[in-house]
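Structural overview for review
What follows is each chain in one-letter form.
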Amino acid sequence: MTLTKTILATTALTFAAGFATAQEMSNDMTLVSWGGAYQKSQDLAYLKPYLEMHPEVSATWDSSSNEAVAKLRAMNEAGNVTWDVVDVVASDAIRLCDEGLAMEIDPDTMLAAAPDGTSAAEDFGDLLVSDCFIPQIVYSTTVGYRTDLVGDTPPDDICDIFDLEAYPGKRSLEKRPINTMEWALLCDGVAKDEVYDVLGTSEGQERALAKLDTIKDQVVWWSAGADTPQLLADGEVVMGSTYNGRLFSVIEEQKQPVAMLWDAQVFDLDGWIIPAGLPEDRLARALDFIMFATDTQRLADQAKYISYGPARASSAPLVGKHAELGIEMGPHMPTDPANAKNTFLYNYEFWADYRDDIDAKFQAWLAK
Amino acid sequence: MSDQTTSGPVLAADGTPLKRSLARALRMQKLRALALIAPLLLFVLITFIAPIADMLFRSVENQIVQDTLPQTVEALADWDPSASEVPDEEVFRALAADLKVAVKAKTHTRLGTRLNYEMTGASSLFRKSGRRVKKMDPEGDASLKEAFIGIDKKWGEPEIWNTILTYSPKYTNGYFLNAVDMQKGPDGPEARPENQQIYMILFGRTLFMSLVITGSCILLGYPVAWILANLPTRTANLLMILVLLPFWTSLLVRTSAWKVMLQQQGVINDVLVWLGLVGDDARLVMINNQFGTIVAMTHILLPFMILPMYSVMQTIQPTYLRAAKSLGATNWTAFWRVYFPQSVPGIGAGSILVFILSIGYYITPEIVGGNTGTFISNRIAYHISSSLNWGLAAALGAILLAVVLLLYYAYDKIVGIDNVKLGG
C-alpha cells in the first residue's frame, strides 16, 4: 500500500516537474550538423531517444555545419539567430568563441556527470579545448589505401605517401595546409614534438612545401570528406587522406578493397556549441538537450552507428557492436590502442595564429 | 480676336496652354507607371542593392581597432614608428584600460582575429593578454610595460605596435591592397612577398578561362542553334527538349557526371584504352585541371548560348539566303556575307550571358578544378565561409564587379549594346 502511494506520489511529482519545465522551454529546436552518415548517427543516438522522452518537442536538422561560422556571424549581425545547437569542429568552436558568437559553457552545471560521479569537467578532461565547446567525438584524419594496388608490401608508414617509387600512382590530400604541412615535415625528418616550432618559421614552411613539391603532380586535392572515398572506390588514387569514419564505411559497409594506415593519424574533435544570445525559452531547451545528449551512455551509443571515439573517458568501456553490421566497434575507433600507436595532436592555438599566413602561402604554392 | 490666338500659345480645351496640359498628363502617366513598378523597385533595393552596397562597404571599413582600443590609438599618435622602439609606459596603460573594457564585452578576441590577418600571432596575443589583463591595475604604480612583455614578448617588439598604428584609421585600403597582392608597408604600398602572391594569378586565370569557355560555347552552340532554327517547328521543338533537359538537371549532378566521364578510370579513358588508342599506363589526365573545368562549364553554360542564338536566328528570313544564292553567291559567301551578320546579335547576347555567368562561377571549378582550374570566386567563398576575412572577400568581389562593368563598357563601345538581342 505504502509502495503504491510512494509510486503515485513520485509519478505525480515527476509529472508536475515535467510540466513546470516544459512550460519554460521552447518546443521547437533546430539542430545543425554535417549531414550524411554522421548526422544520422546523431539522430539515432541522441535525438530519437530525446524525442521519445519529450514528445511535445519538434526538432529540425539543418546540414550547414561546414559553413556554420559564417552563417552564425551573419545571423548574429542580422540579430536573428535561428539555430539552437550547432555541431562544429573544435577549431571552429574556438573561433566562434573568439568572435563572441558562441555561449560559454560551465561543464559542471550544464553537463551531466559520469555514472560513477566523476564531474563532467574531469570526464572530458583535456578535450574541453575552448570555453564554449562541448566535445562529442574524437575523429582522426588518416590515410586509406587500395589493397589491390599496393603490391605485396602494404604501406605502414605515413611517409609512404611521399614514396612514389614504392607506391606509384595518384594520392589524394586535403586542399588546405592543416595536416598536410605537418605530415610533410614529419616525413622530411622533423621530430614529432618539433613540428610546430619548425612550421612557425618561414624556412619551415618553405621546407614543408618543398617536400610536397616532390609529389605535387601526383596529388588529387580534395575539399569534401566524400572525395577520397569516391577516388579510392573508383581506383583513381592508390592512397588518400580522409576522416576515419568515411574509410570505415568504405571498408566495412561498401566492402571495397581498402585498408587503413593509422600511422601519424591526426586527432581532432567535433562537438556542440550553443549560439550566444538565444532567448531564454530556447536556451533552456538547448541546455536540456545538451545535458541529455552528451551524457556517458549517449556518447557511447553514437559509436554504434559510426566509428568515431566518444569524447568522454567514461564512455569508452561502453562502446559495443555496430547496430547493423554487428561487428565490434572498439578496434575501429581511432583511439583504440592498436590504432593509436603513433598519433598526432592537432595544435589549435598554432593554427588560430598561423592559418591566414600559411594558407596564403599554401594556396599560392598550389596555384603555381 | 483671331490675331491674338495665333500669336499666343496653343490652348487646350480648358484654356490652359497645351504644352503644360500635355506635360501634366505625361507626368500623371509616369507617376502611375512608377507606382506600378514601385513594389519591384523597393524589393530590388532592399533585398539586392542594399546588401551588395553593405558588403562592398566592408572592403574599406575598419572601425574595430578604434572602437576596441580608443585610448591606445590616441596615445599611439605621438609614437614614432620609424624609431623602431616600443612605445612608452603611457601607451601600455591605455592598452590595459582598453583591454579591460574589451574583455568585459568580449571584443578583444575579435580584434585579435582582425589583426591576425595582418600580423601572424595577433590572435593568440590578444586571447592570452585578455585572460591576464584582469589582474592589472592601470592606475597603479607597477610598470605595465613589463607586465605586458611578461605575458608575451611580442608586446616588446615594434611589429604589433606598427600593425595597430597602421590599421587604426576608421577606413583602410589594406583589403584592396591585399586583393591585388600588395600590402601596406612603412613607406606606402609595396608588393607582397612572392610566395604569397595569388590573387592576380587567379584574376587573370578567371578572365582567361571565362573567355575560352565563351569561345567554345559559341563554336559548339552556333551549329546547334542553326539546325534548330532551320528545322520544321515540330522537329525543332523535339530537339529543343534535348537542349533544355540538361538545363533543368541539377548543376551538381551534371558536374559529378563529368567526373565519372573524365577521370582516369572513367568512361572516356576506358573506351580509349579498349580501342587501343591510349596505353593502360598512360591514361589521359582530363579532370582536376583547367581542361576539366573548361569542359564541364562549357557543357553547363551551353544552353545560355544556344537559346538567345536560336531566337535570333529564327527571325532571319530564309529568303535572304535564297536571294543571295540566286545572285550568284556560293554557299559560303551567302552564309558569311548575308546570314552570319544577322545572327551576330544572338552571339553577342549569348556571349555576355555565358561570360558573366562563368566569371563568377564557383561550384564547378571547386569540384573539378583541382589546383590549376580554380577561379577567383573560390577564394572569395573561402574568405567568406572559412577564414571569415569578409573585408578581403568584399574587396575581391568589388574588383570582380568593376572588371565586369569595365568589360561591359568596352563591349558596348566595340560591338554596341543595341546589337544584342535576346529574340524577336
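From a predicted model like this one, the values you see are computed outputs, not experimental measurements. (Residues numbered from 1 in each chain as written. Chains lettered and ligands numbered in written order. Predicted model: local features only at pLDDT ≥ 70, side-chain atom pairs only at ≥ 80, totals over all residues. Heavy atoms only, no water.)

Scanning chain A from N- to C-terminus turns up 14 helices and 10 strands. Computed over the C-alpha atoms, the radius of gyration of chain A is 22 Å, within 12% of the 21 Å expected from 2.2 N^0.38 for a compact globule of 368 residues. Relative to its full complement of 368 residues, chain A shows a buried share of 56%. Considering only residue pairs separated by 6 or more positions, chain A has 74% of its internal contacts joining residues 24 or more positions apart. Looking at chain A as shown, the accessible area adds up to about 15000 Å², and 53% of this sits on carbon and sulfur atoms. Averaging the coordinates of the 27 positive side-chain charges in chain A and doing the same for the 59 negative ones gives two points 5 Å apart. (Helix = DSSP H or I, 4+ residues; strand = E, 2+ residues; numbered from the N terminus. Rg over C-alpha atoms; globule rule 2.2 N^0.38 Å. Buried < 20%, exposed > 50% of the residue type's maximum accessible area, 1.4 Å probe, protein only. Contact = heavy atoms within 4.5 Å. Areas by Shrake-Rupley, 256 points an atom, 1.4 Å probe, with all protein chains shown as cover. Lys, Arg positive; Asp, Glu negative; His and termini not counted. Charge placed at Lys NZ, Arg CZ, Asp CG, Glu CD.)

Bringing the overall build of chain B into the picture now. Check the secondary structure of chain B and you find 20 helices and two strands. Compactness check: chain B gives a C-alpha radius of gyration of 32 Å against a globular reference of 22 Å for 424 residues, more than 25% above the reference. Considered along the principal axes of its C-alpha atoms, chain B spans approximately 100 × 100 × 35 Å. By the burial criterion, 40% of the 424 residues in chain B qualify as buried. Residue pairs at least 24 apart in sequence account for 69% of intrachain contacts in chain B once pairs closer than 6 positions are excluded. Surface accessibility of chain B: about 22800 Å² in total, with carbon and sulfur atoms responsible for 65%.

Residue-level contacts link 38 residues of chain B with 40 residues of chain A. The junction of chain B with chain A conceals about 3600 Å² of combined surface from both sides, 42% of it contributed by carbon and sulfur atoms. Area buried by chain B at its contact with chain A is led by N195, N371 and L388 of chain B, which between them contribute 16% of it. Counting across the interface, chain B meets chain A through six salt bridges. (Buried area = accessible area lost by both parts, 1.4 Å probe. Salt bridge = Lys/Arg side-chain N within 4 Å of Asp/Glu carboxyl O.)

Let us now look at the domain arrangement of chain A. Residues and elements named next belong to chain A. You can read the domains of chain A as domain 1 (2-132 + 274-318) and domain 2 (139-267 + 337-367). Taking only C-alpha atoms, the centre of domain 1 and the centre of domain 2 are 32 Å apart. At the junction of the two partners, domain 1 supplies eight residues and domain 2 supplies nine residues. Between domain 1 and domain 2, the buried area comes to about 750 Å², and carbon and sulfur atoms account for 61% of it. Broken down residue by residue, the surface that domain 1 buries against domain 2 is led by S91, S307 and Y308, which jointly contribute 53%. The tally of links from domain 1 across to domain 2 stands at zero salt bridges. With four residues, helix α4 (residues 90-98) is the single largest residue contributor to the side of domain 1 that touches domain 2. Tallied by class, residues from the side of domain 1 that touches domain 2 come to five nonpolar, two polar and one charged. (Domains from an automatic or database assignment. Nonpolar A, V, L, I, M, F, W, Y, C, P; charged D, E, K, R; others polar.)

A complete count under the given rule lists 27 salt bridges over all chains for this structure. For D148 of chain A, the salt bridge identified is with R146 of chain A, shortest N-O distance 2.9 Å. By relative accessible area, R146 of chain A is classed as buried at 10%. When the shortest N-O distance is used, the salt bridge between D152 of chain B and K128 of chain B registers 3.0 Å. Within this pair, whereas D152 of chain B is found in the loop between α8 (144-151) and α9 (158-166), its partner K128 of chain B is found in helix α7 (residues 122-133), the two being separated by 24 residues in sequence. Each of E56, R285 and D288 of chain A takes part in a single network of salt bridges with overlapping partners.

Since one α-helical turn is 3.6 residues long, residues separated by three or four positions face the same way. Residues and elements named next belong to chain A. Within helix α11 (residues 244-253), eight of the 10 residues are buried, which leaves it mostly tucked inside the rest of the structure. Of the positions making up α11, those classed as buried are N244, G245, L247, F248, S249, V250, I251 and E252. Along its buried surface, α11 packs onto β4 (134-146), α10 (227-233), β7 (239-243) and β8 (258-273). Downstream of α11 by a residue or two, K255 has a phi angle that is positive, lying close to 55°.

Disulfides are covalent bonds that connect the sulfur atoms of two cysteines. Residues and elements named next belong to chain A. One pass over the structure, following the stated rule, counts two disulfides over all chains. C97 shares a disulfide with C132; S-S distance 1.9 Å. Its S-S torsion of approximately 65° makes the covalent link between C97 and C132 right-handed. In this pair, C97 sits in helix α4 while C132 sits in the loop between α6 (120-124) and β4, placing the two residues 35 residues apart along the sequence. C132 matches C97 in its accessibility class, with the two residues each being buried. Each sulfur of the disulfide joining C159 and C187 lies 2.3 Å from the other. In this structure the cystine formed by C159 and C187 twists about its S-S bond by roughly -95°; its chirality is therefore left-handed. In this pair, C159 sits in the loop between β4 and β5 (171-174) while C187 sits in the loop between α7 (180-186) and α8 (195-199), placing the two residues 28 residues apart along the sequence. (Disulfide = S-S within 2.5 Å.)

The next subject is the environment of S202 of chain A. Checked against the element boundaries, S202 of chain A lands in helix α9 (residues 202-213). Separated by 155 residues in the primary sequence, S202 of chain A and D357 of chain A have C-alpha atoms spaced 9.8 Å apart.

What follows is about the nonpolar core. Among the nonpolar cores identified, the biggest contains 92 residues, and I161, W183, L212, I273, I274 and F289 of chain A are the most heavily contacted of them. When residues of this core are assigned to domains, at least three map to each of domain 1 (2-132 + 274-318) and domain 2 (139-267 + 337-367) of chain A. Residues in contact with F289 of chain A, not counting those within four places in the same chain, are M29, L31, Y46, L47, Y50, V85 and W272 of chain A. The next biggest cluster of nonpolar side chains, apart from the first, holds 30 residues, and it includes F126, F148, W161 and I164 of chain B. (Core = buried A, V, L, I, M, F, W, Y, C linked by side-chain atoms within 4.5 Å.)

Two faces, one strand: in a regular strand the side chains alternate between the faces of the sheet. All names here are of chain B. Bridge analysis of strand β1 (residues 182-185) against strand β2 (residues 188-191) gives four bridges, and the strand direction is antiparallel. Residue pairing across strands places G185 opposite G188, the latter belonging to β2. Linking β1 to β2, which pair antiparallel, is a turn of two residues. (Pairing = 2+ DSSP bridges.)

This part covers the domain arrangement of chain B. Domain assignment breaks chain B into domain 1 (9-50), domain 2 (65-169) and domain 3 (199-419). Just the C-alpha atoms count here: the centres of domain 2 of chain B and domain 3 of chain B sit 52 Å apart.

Residues and elements named next belong to chain A. Within the element layout of this structure, S64 appears in the loop between β2 (58-62) and α3 (68-78). Distance in space between the C-alpha atoms of S64 and V86 is 9.0 Å, their sequence separation being 22 residues. Residue contacts for S64: discarding those within four places in its chain leaves V32, S33, K71 and W83. Within polar-contact distance, the side chain of S64 engages the side chain of D62 at 2.4 Å. (Polar contact = N/O pair within 3.5 Å; in protein donor to acceptor, adjacent residues only side chain to side chain.)

Turning our attention to the packing of aromatic side chains. In the structure shown here, the tally under the stated rule is 30 aromatic pairs over all chains. Taken together, a centroid distance of 5.9 Å and an interplanar angle of 90° make the contact between W221 of chain A and W365 of chain A edge-to-face. Here W365 of chain A lies in helix α14 (residues 348-367) and W221 of chain A lies in strand β6 (residues 219-222), a separation of 144 residues in the sequence. The buried category is assigned to W221 of chain A, whose relative accessible area is 7%. Taking relative accessible area as the criterion, W365 of chain A reaches 7% and is therefore assigned buried. With a centroid separation of 5.9 Å and an interplanar angle of 45°, the aromatic rings of Y222 of chain B and F340 of chain B are classed as tilted. Taken together, the positions of Y222 of chain B in helix α11 (residues 199-230) and F340 of chain B in helix α17 (residues 331-359) put the pair 118 residues apart, joining distant regions of the chain. The class for F340 of chain B is partly exposed, based on a relative accessible area of 22%. Connected via pairs of aromatic rings, a cluster forms that spans Y222, W332, F335, W336, Y339 and F340 of chain B. Lying across the ring of W390 of chain B, R73 of chain A places its NZ or CZ 4.7 Å from the centre. (Phe/Tyr/Trp six-rings, centres within 6.5 Å; stacked < 30°, edge-to-face > 60°. Lys NZ or Arg CZ within 6 Å of the ring centre and 35° of its normal.)

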